[in-house]
Amino acid sequence: MSRKDADAHVKVHELFDEAARRLRPFLSYPATRKQVRRAFRQSDVEGLFAKTVDGSIASIAEDYFETDILQGMLASEGIISSMAGPRTPGTAYIALHHAFGQATGHDGAWGFVRGGMGAITSALADIVRAQGGEIRIEAEVAELRLDERRRAAGVVLASGEEIEASIVCSNATAQCTVAFVGADHLPPDFVDDIELLPTEGTVVKVNCALSGLPKFKGFGSEGEIGPEHTGTITVSPSIDYLEDACRRAAEGHPADNFFCEAWIQTATEPELAPEGKHTLSIFAQYVPYSFAEGTWDERRDVVGDAVVATLETYAPGLSDLIEDRLVLGPPDLEARFGLTGGNIFHGELLPDWLFDKRPSRGWHRHRWPLPGLYLCGSAAHPGGGVCGAPGRNAARSVLEDLVAAGAGMPS
Ligand SMILES: Cc1cc2nc3c(=O)[nH]c(=O)nc-3n(C[C@H](O)[C@H](O)[C@H](O)COP(=O)(O)OP(=O)(O)OC[C@H]3O[C@@H](n4cnc5c(N)ncnc54)[C@H](O)[C@@H]3O)c2cc1C
């Protein structure tokens, strides 16, 4: 790395901090693109919107950094879950989307959830139950019930059980929601636009149970937890490396060399595994949803091996530590979590599908063109990530409609 890049590292963070500061007020408001652009224009940073929303992450990386490794590192933040490579316009927004968080009160920070991700849903469930709510799991919705005025009237479960409700909020993907409503009950333009929201996943997740702590080249001593274990481990050596991986997947092949982000959760929370053992989860790109040759069932293990081999280049002996592992490609994420196409964000986070275009042009206010039905998941504004914003926005639309209908605010 160079002195220039060390200084640029601070400057690039200032750029994204400034953009995130402009964007944040619109996360909890159904903003249009014009409104967001106007707010960005008020910044002293010239061309802030063009750079950090419409621009490519590669052009920012090349403007600021001179070394491949820092260009690759920044570029990787703009490709998360996308079919696009880092040179594609709009990928800067994906990086910005990942910079608006304020975990533990720090701008742009991410965090590990103590107890694992399930701790968040458990905490939310506790709040719902404390307010007298009931949560049903393993209850697949097959169909939306309509009343005689074509208003939402509840749901029919796959088991055949019917649940009455005058308000239905769906955090399933937009495409799944269309399916259980029935496209015939929705305006054709609305449905067409939702079909255009790209949902083909490009992520493969490899979750590993390790017999010991991996040792990384050039770091620390055997078995001792060091800084290389406690943060995000990123393999993204250059912009071209990412572009090559993207091109391979577009042609129906897994990457030859994967972009990887990995975490060893037990380095900061040892209680998650038996003493001396560790967890390692690897998030890798790019893979196709369907291979040019073969199926995921035939090739899942080969892809898993290739992802581990990429990381093993930097952590020799890693594969010997793996006692068990789970490989989830896009069709697996789709089957397990109902993610259409296996897209982790319920659809691309590129500017063509943001703000007043998410999930369908002009329908960004979380209401659907069917009274009583709301979208409260990642396909709604402002999009995916564990941020809670689509749900909060949808709840506010529900409250506005209840008040407008004279029902008053629930106590
Ligand atoms: C591998 C992976 C890694 C990720 N990494 C990160 C990360 O590091 N940081 C981050 O912030 N975000 C990350 N995300 C994204 C994050 O998990 C999502 O953005 C978030 O969970 C979205 O919440 P949601 O409520 O919108 O939708 P989801 O969590 O997708 O929930 C939708 C729910 O709807 C259910 N459902 C679907 N259809 C039906 C039906 N017919 N009937 C009943 N239920 C149905 C599904 O089972 C699911 O439980 C990741 C996602 C994945 C898959």
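What you see is a predicted model, and the numbers here were worked out from it, not measured in a lab.

J.: Where do I start with the side chain of His381 in this structure?
T.: Relative to the assigned elements, His381 resides in the loop between β10 (373-375) and α15 (389-404). Here Tyr29 takes part through its backbone oxygen, which lies 2.8 Å from a polar atom of the side chain of His381. Here His381 is in contact with Phe26, Leu27, Tyr29, Pro30, Ala31, Phe355, Arg358, His364, His366, Pro390 and Asn393, once residues within four sequence places are set aside.

J.: I tried to follow the site of the ligand on my own but got confused; where do I start?
T.: By nearness alone, 18 residues border the ligand, and Val141, Asn171, Ser378, Gly385 and Val386 come closest of all. When the free accessible area of the ligand is taken as 1,000 Å², the share hidden by the protein chains comes to 66%. Considering only residue class, the shell around the ligand consists of ten nonpolar, six polar and two charged. Lining the shell around the ligand are residues from two domains, each supplying at least three of them: domain 2 (118-198 + 349-383) and domain 3 (204-337).

J.: Explain the nonpolar core here, please?
T.: Generally speaking, soluble globular proteins have nonpolar side chains that are buried together. By size, the foremost hydrophobic cluster in this structure holds 101 residues, and its most contacted members are Phe16 and Val204. Examining the composition of this core, we find that seven residues originate from one element, helix α1 (residues 3-23), more than from any other. Not counting chain neighbours up to four residues away, the residues in contact with Phe16 comprise Thr52, Ile57, Ile60, Leu74, Ala92, Ala95, Leu96 and Ala99.

J.: Whenever I open this one, the pairing of strand β5 (residues 204-210) confuses me. Can you help?
T.: Two faces make up the sheet, and in a regular strand the side chains alternate between them. Only one face of β5 is covered, namely the face carrying Val204, Val206, Cys208 and Leu210; the face carrying Lys205, Asn207 and Ala209 is uncovered. In this sheet, strand β8 (residues 278-285) lies alongside β5 in antiparallel orientation, the contact comprising seven bridges. Directly across from Leu210, in β8, lies its bridge partner His278. Both β5 and strand β9 (residues 322-328) contribute to a ladder of six bridges, which runs antiparallel. Among the inter-strand pairings, Val206 is bridged to a residue of β9, identified as Val327.

J.: Before we go on, may I ask you to explain the sheet that holds strand β6 (residues 233-235) in this structure?
T.: Through backbone hydrogen bonds, the strands of a sheet pair up, either in parallel or in antiparallel fashion. The five strands are arranged β6-β7-β8-β5-β9 in an open sheet whose pairing can be described as antiparallel. The sheet is open, and its two borders are formed by β6 and β9, each paired with just one other strand. Strand-to-strand twist of the sheet, defined as the mean angle between neighbouring strand axes without regard to direction, takes the value 15 degrees. Helix-sheet contacts for helix α12 (residues 296-312) involve β5, β6, β7 (259-263), β8 and β9, and the interaxial angle to β9 is about 120 degrees.

J.: Could you clarify how one ought to interpret the sheet that holds strand β1 (residues 141-146) in this entry?
T.: With antiparallel pairing, three strands are arranged side by side in an open sheet as β1-β2-β3. On the outer flanks of this sheet lie β1 and β3 (162-164), each paired with one strand and no other. Geometrically, the sheet is characterised by an average inter-axis angle of 25 degrees between neighbouring strands, direction not taken into account. The pairing of β1 with strand β2 (residues 152-157) spans five bridges and is antiparallel. Paired with Val141 across the strands is Leu157, a residue of β2.

Criteria and cut-off values
- Residues numbered from 1 in each chain as written.
- Predicted model: local features only at pLDDT ≥ 70, side-chain atom pairs only at ≥ 80, totals over all residues.
- Heavy atoms only, no water.
- Helix = DSSP H or I, 4+ residues; strand = E, 2+ residues; numbered from the N terminus.
- Polar contact = N/O pair within 3.5 Å; in protein donor to acceptor, adjacent residues only side chain to side chain.
- Contact = heavy atoms within 4.5 Å.
- Near = heavy atom within 4 Å.
- Areas by Shrake-Rupley, 256 points an atom, 1.4 Å probe, with all protein chains shown as cover.
- Nonpolar A, V, L, I, M, F, W, Y, C, P; charged D, E, K, R; others polar.
- Domains from an automatic or database assignment.
- Core = buried A, V, L, I, M, F, W, Y, C linked by side-chain atoms within 4.5 Å.
- Buried < 20%, exposed > 50% of the residue type's maximum accessible area, 1.4 Å probe, protein only.
- Pairing = 2+ DSSP bridges.
- Axes fitted to C-alpha atoms, helices over the stretch in contact; angles between N-to-C directions.

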